[in-house]
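Fold and geometry: a report
Residues per chain, in single letters:
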Amino acid sequence: MKIIPAESPAPPGTQALSARAWSALLLAFLLSGCHAPEQSADTDSAVIYLVEDVPAGLNYDGPAASLHTSQVGIVNLMDPLLEYAASPEVENGVQTSDFSSFEGSLAENWVYDPAEQSWRIDLRKGVYSCAGNELTADDVLYTFARAKSVSGAAPVGWFLASVASVASFDTSVFDNPAKRRLGDEISKLGRYSVKVFQSAPNPLFPHILTSFALRVFDSQEMRKHATESDPWSHQYVDEQTSPGFGPYCTERWIKGDEFVLTANPYREERAPSIKRIVFKRVPLSSNRFVIMKMGEADLSDRLTPREFEALAGLDNLKVIGLTGNETLFLHMNFKSPPFDNPLIRRAVSAAVPYDWIINNGYRAQAKQWLSVVPTRYPGVSENFQPPPGGLEAARQLLSQAGYPNGKGLEEFQENFQLSYVAEKQIALGPIANAIRAKLREVGIPVELNPIPLTQFGDRTLVKRDLPFALSDQEKPVVVDAGYAIQLFFASPSAGGVNNMTNYHNDSVDALWASARTTANPSARAEFIARALDQIAADIAWLPLAEFKTQWATHTELYGFRWYPDNSIRFSDLYRKEH
Amino acid sequence: MTKFVLKRLGVGLIQIVSLMVLVFFLIRLLPADPVARFVGLNASAEAYAQAEIALGLDKPVLEQFKIYLLGDEQTDGLIHGSLGNSWISGSPVLYHIGLTLPATLELILLSFLISVSLAIPIGVAGATSPNGAVNKGTLIYGLFAGSQPEFSWGTIFIFLFFVVLGVAPGPLGRISPLTEPPDPVSGMIVVDSLIAGRADLLLESLWYLSLPVLTLSFVLTGPIIKMVRENVSQSMSLGFIQYGEAVGLSKKMLASDSLLAAVAPTLTLIGILFSFMLGGAVLIESMFSINGLGQFSLQSVLAMDYPAIQGVVIVISSLTLLVYLLLDVAQALLDPRLRA
């Protein structure tokens, strides 16, 4: 077994016992019955975080990168070059970010030169990794070179760099191995400075630097663990730790069980107040709920709305959270009749029980989503309104479509199977059932079809043949409405990445193409706003709700801030007596 | 006896190989492509294709099978003792099995130890005194314990002993999250605490395992008692027991002889239950946050993690066959007629 040994000394009381002492001890134990052993000494300083799962991997180019739990690990071990600036606003115990401005994390200065389409990045000096190595330009070069090597199972670093038009980070790397080597698109200007060239003006570049990917590796430490067959140390990062310049170091990582972080001993500036974080896997939300309730942990998330509601009123606990970028929508595939009929799409949108979903499905910890991009993102307005009139309007729309009271729709019975992720049955099951009930009331023959996440991902991302689905897991990781259009709504021929409903509108593609190529920020915003209006009018997705990202925590823990990856940065937190 | 064991081993080997081949091809027929889950929904078609290559799924199935068995330039195959790497974590499947199997074994061994220790005397007492209080109590308990599945009892026990009475630990696994586990030798925390000479860890792990073991024992003890009682009752009507009774042997001696005659079917039941629990303890593991083999199997199946699924099947089937082999040997030792 490969368990990373703890560097801390063994707890007091450790001593070898003789066989006789063992016998006596066992006998005493059996006779006296079980009793609660005393906890270790560091209970006060450590934070126990109950999680659905611990990181499966820490490699943002590796197989577990898409898992939220892995991202939580990555962002606490590795710092990015830039972060979004903190907003003075605090909503329900959580500080928000100002997505229109950036602050340096590992970068001290960053300047765009429009003449040569390049970014000069000057690094902070005196930043050290957990191995004691100082951050230099070589680390940034190594990070981009590794991303361009597309050597990992899921090349997320390359993908984000290509989305931001970093020069020569294009699809040719997949066809030609020679193109996978880093050239002068990123050059070293000095020990602490680099320059990054873009192939086109693209404002997404600073945004992608804030994400969980493209965080800077400690190149010395990475090279130390490279092998001939694995020159980019994927195995080391998959199995041991992700060596970066973040606030925490990996103390112990037992996959599927626990993940323990300790403060980076070499970090002087911005050193974390909480010195030790224990991620404990408790897969059942009901168990996380009772453990929090009994005061045996400091922090938990991914509880059901009802469980959060129940914890909110308890002594020593608080529930905090805000509407960030977690959304719920109905997916209606344009290639699956009758969803190619706009009247049917409108009828469905009229019949959906929005209020029930918000008040019962999310226990009022959500609001109706009136856009196709999270409304917290800059430049996104509420431009979607379902047809007024509810069920009556739905019936009229069905009649106009030639299906009075749903007669004739039984022909499409297969396509009215409402799919959702079976693993999310507790959260999505009741909502899917409420939608089914209302749609059946107007004659739409909906049946429920929970399927495993893997199958759901395959049919939405790869096959794109899922006719009708309820989804709460799609969110653009880059905080930009243009990125969201490219990701979900642009046609593949227009550069669309994951158009899972097979939506196609020439005008949207043209607007996105204009937004991509313009160097004028206000013109870009205008193109994007018009594209979003069209997408909403076409009901490319049927937006249902924006729900809160929530945490249940001890009342003494403060400093929570919301980031678009929905992961806590433990270095933000501190304890304060309530 | 050697011939008997070798014959059983040969049959077992054929069974494992057949199962491995079957599973390899069957999981690839399932209507889901695992790549999408690994690259996530923010991925491009090129990233998807790259992931497909990285996982080896771009190759024909027969070639994938050949690589799985024999390996290639980059990876070892099954014949080298490698089960491949998990697609979820990137770690070797053997690492995950080494981590999770001891946790499951620890849970079920402790549970069986308690169950068998309780079931045999209670079953014998029930059989020797059919109208006694023990027998009646056993009947009621059997009905009660068998009336609900183990996860239901687990929930009730957590609520009762942890939430209401506060006399048991929370469902936080095999040890407190704040405690550093002992250096892994066997992977079973109870055993490793003993090896490390850590009384504090031993007590703590027994404390944390108390509720899951209680739950599993509570469910397992019922059928074992029933099996012991039925078989002892039947053996008490055998001629040699009745002869012993007629010549005035003590009740204790009669019970002991009846138990010996009843051991074989009871052992069979215990073996079957044990094998079932290797993969079937998943609900208890989930309920008490124990990182066991059942949990790993479940995650692997949901994620379509082919190497992990194949690895788990090979390990569980090998262990099951080993248990059955041991049972066969024990039966053969008890009854020489079976060695033929």
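Keep in mind the model is a prediction, meaning the values are calculated, not measured.

This next bit is on the overall build of chain B. A tally of helices and strands in chain B yields 14 helices and zero strands. The helix and strand sequence of chain B, counted from the amino end, reads α-α-α-α-α-α-α-α-α-α-α-α-α-α. Each principal axis of the C-alpha atoms in chain B carries an extent, and together these give about 85 × 55 × 40 Å. Expressed as a percentage of the 340 residues in chain B, the buried residues total 53%. A separation of at least 24 residues holds for 70% of the contacts in chain B among residues at least 6 apart in sequence. Carbon and sulfur atoms form 71% of the exposed surface of chain B, whose accessible area is close to 14900 Å². Placing the 16 positive and 22 negative side-chain charges of chain B at their respective mean positions leaves the two points 16 Å apart.

Here the focus is the overall build of chain A. Each helix and strand counted, chain A has 18 helices and 19 strands in total. Compactness check: chain A gives a C-alpha radius of gyration of 26 Å against a globular reference of 25 Å for 578 residues, within 12% of the reference. Principal axes of the C-alpha set define a box for chain A whose edges measure 85 × 70 × 45 Å. Relative to its 578 residues, chain A shows a buried fraction of 59%. As displayed, chain A offers around 21800 Å² of accessible surface, 50% of which is attributable to carbon and sulfur atoms.

This brings us to the pattern of salt bridges. Applying the stated criterion to the full structure yields 31 salt bridges over all chains. Notably, a salt bridge pairs E447(A) with R440(A), separated by 3.1 Å at the nearest N-O pair. R198(B) serves as the salt-bridge partner of D200(B), at 3.0 Å between the closest nitrogen and oxygen. Among the charged side chains, a network of salt bridges with common partners joins E251(A), R252(A), E258(A) and R276(A).

Residues and elements named next belong to chain A. Of all five residues making up strand β14 (residues 417–421), four are buried, and the element is well covered by its neighbours. When β14 meets strand β15 (residues 447–451), the two strands line up parallel, connected through five bridges. By the bridge assignment, Y420 is partnered in β15 with P450. For the handedness criterion, the β-α-β arrangement of β14, helix α14 (residues 425–441) and β15 is classed as right-handed.

For the rest of this paragraph, the subject is the domain arrangement of chain B. Many authors give the size of an interface as the accessible area that is lost as the parts come together. All names here are of chain B. Looking at the assigned domains, one finds that chain B contains domain 1 (2–80) and domain 2 (93–334). Using only C-alpha atoms to locate each centre, domain 1 and domain 2 end up separated by 32 Å. The interface of domain 1 with domain 2 comprises 21 residues on the first partner and 16 residues on the second. Of the roughly 1600 Å² buried between domain 1 and domain 2 on both sides combined, carbon and sulfur atoms contribute 78%. Linking domain 1 with domain 2 are one salt bridge, by the criterion used here. Among the ionic pairs, R8 bridges to D328, the shortest N-O distance being 2.7 Å. The interface formed by domain 1 and domain 2 includes two residue pairs in polar contact (both at pLDDT 80 or more). At the level of secondary structure, the elements contributing two or more residues to the side of domain 1 that touches domain 2 comprise α1 (2–27) and α2 (35–39).

Here we come to the domain arrangement of chain A. All names here are of chain A. For chain A, the assigned domains are domain 1 (50–273 + 562–572) and domain 2 (323–547). Taking only C-alpha atoms, the centre of domain 1 and the centre of domain 2 are 32 Å apart. With 15 residues of domain 1 at the interface, the matching set in domain 2 holds 18 residues. Taken together, the two surfaces of domain 1 and domain 2 that pack against each other cover about 1500 Å², and 67% of this comes from carbon and sulfur. The three residues of domain 1 that bury the most area against domain 2 are F99, L204 and W562, which together make up 28% of that side's buried surface. The interface formed by domain 1 and domain 2 holds one salt bridge in total. Between E91 and R376 there is a salt bridge, and its shortest N-O distance comes to 2.9 Å.

In this assembly, 83 residues from chain A lie in contact with 67 residues from chain B. Together, the buried faces of chain A and chain B total about 6400 Å²; carbon and sulfur atoms form 64% of this surface. Scanning the region where chain A abuts chain B turns up zero salt bridges. It is helix α15 (residues 453–462) of chain A that provides the largest number of residues to the side of chain A that touches chain B, a total of eight residues. A class-by-class count of the residues in the side of chain A that touches chain B yields 45 nonpolar, 19 polar and 19 charged.

The next point concerns the sheet that holds strand β5 (residues 118–123) of chain A. Residue and element names in this part refer to chain A. If you trace the four strands from one edge of the open sheet to the other, you get β4-β5-β7-β6, paired in antiparallel fashion. The open sheet is flanked by β4 (107–113) and β6 (186–190), the only strands paired with a single partner. This sheet shows a mean twist of 20° between the axes of neighbouring strands, independent of strand direction. Relative to strand β7 (residues 193–197), β5 runs antiparallel, the two being bridged by five bridges. In the strand pairing of β7, R120 is matched with K195. Across the sheet, helix α3 (residues 137–148) touches β5, β6 and β7, and the angle it forms with β6 is around 175°.

Turning to unusual backbone geometry, a few remarks are in order. Across residues other than glycine, the phi torsion is negative in most instances, and most of the peptide bonds are trans. All names here are of chain A. Cis geometry marks the peptide bond from P337 to P338; its omega dihedral reads 5°. As for its placement among the helices and strands, P338 is situated in the loop between β12 (317–332) and α11 (342–351). A positive phi angle is found at V150, which is not glycine, with a value near 35°. For V150, the location among the structural elements is in the loop between α3 and α4 (156–163). Under the relative-accessibility criterion, V150 is labelled buried at 2%. At N405, a residue that is not glycine, the phi angle is positive and equals roughly 55°. With respect to the element layout, N405 can be found in the loop between α13 (390–400) and β14.

All names here are of chain A. On inspection of all chains with the given rule, the structure shows 40 aromatic pairs over all chains. Three or more aromatic residues joined by ring pairs form one cluster here, namely Y49, W253, F259, F279 and F570. The ring of Y558 carries the charged tip of K318 above its face, separated from the ring centre by 3.7 Å. Taking NZ or CZ as reference, R345 lies 3.6 Å from the ring centre of F334, over its face.

This next bit is on the confidence of the model for chain A. For chain A, the mean per-residue pLDDT works out to 90, and 92% of the residues sit at or above 70. Segment residues 1–44 of chain A is flagged for pLDDT under 50; beyond a separation of four residues in sequence, or across chains, it makes 61 contacts in the model.

What follows concerns α1(B). Residue and element names in this part refer to chain B. Spanning 26 residues, α1 covers 37 Å between terminal C-alpha atoms, matching the ideal 38 Å at 1.5 Å per step. For α1, the complete set of buried residues consists of F4, G12, I16, M20, V23, F24 and I27. Where the residues of α1 are buried, they touch α4 (61–70) and α14 (306–334).

Another aspect to go through is α3(A). All names here are of chain A. Taking 1.5 Å of rise per residue, the twelve residues of α3 would be expected to cover 16 Å, and the 17 Å separating its terminal C-alpha atoms lies within 8% of that figure. Most of α3 sits out of view: eleven of its twelve residues are buried. All of the buried residues along α3 are A137, D139, V140, L141, Y142, T143, F144, A145, R146, A147 and K148. Within two residues after α3, V150 carries a phi angle of roughly 35°, on the positive side.

Analysis parameters
Residues numbered from 1 in each chain as written. Chains lettered and ligands numbered in written order. Predicted model: local features only at pLDDT ≥ 70, side-chain atom pairs only at ≥ 80, totals over all residues. Heavy atoms only, no water. Helix = DSSP H or I, 4+ residues; strand = E, 2+ residues; numbered from the N terminus. Buried < 20%, exposed > 50% of the residue type's maximum accessible area, 1.4 Å probe, protein only. Contact = heavy atoms within 4.5 Å. Areas by Shrake-Rupley, 256 points an atom, 1.4 Å probe, with all protein chains shown as cover. Lys, Arg positive; Asp, Glu negative; His and termini not counted. Charge placed at Lys NZ, Arg CZ, Asp CG, Glu CD. Rg over C-alpha atoms; globule rule 2.2 N^0.38 Å. Salt bridge = Lys/Arg side-chain N within 4 Å of Asp/Glu carboxyl O. Pairing = 2+ DSSP bridges. Right-handed = clockwise from strand over helix to strand, strands pointing away. Domains from an automatic or database assignment. Buried area = accessible area lost by both parts, 1.4 Å probe. Polar contact = N/O pair within 3.5 Å; in protein donor to acceptor, adjacent residues only side chain to side chain. Nonpolar A, V, L, I, M, F, W, Y, C, P; charged D, E, K, R; others polar. Axes fitted to C-alpha atoms, helices over the stretch in contact; angles between N-to-C directions. Phe/Tyr/Trp six-rings, centres within 6.5 Å; stacked < 30°, edge-to-face > 60°. Lys NZ or Arg CZ within 6 Å of the ring centre and 35° of its normal. pLDDT = per-residue confidence, 0-100. Expected span 1.5 Å × (residues − 1).

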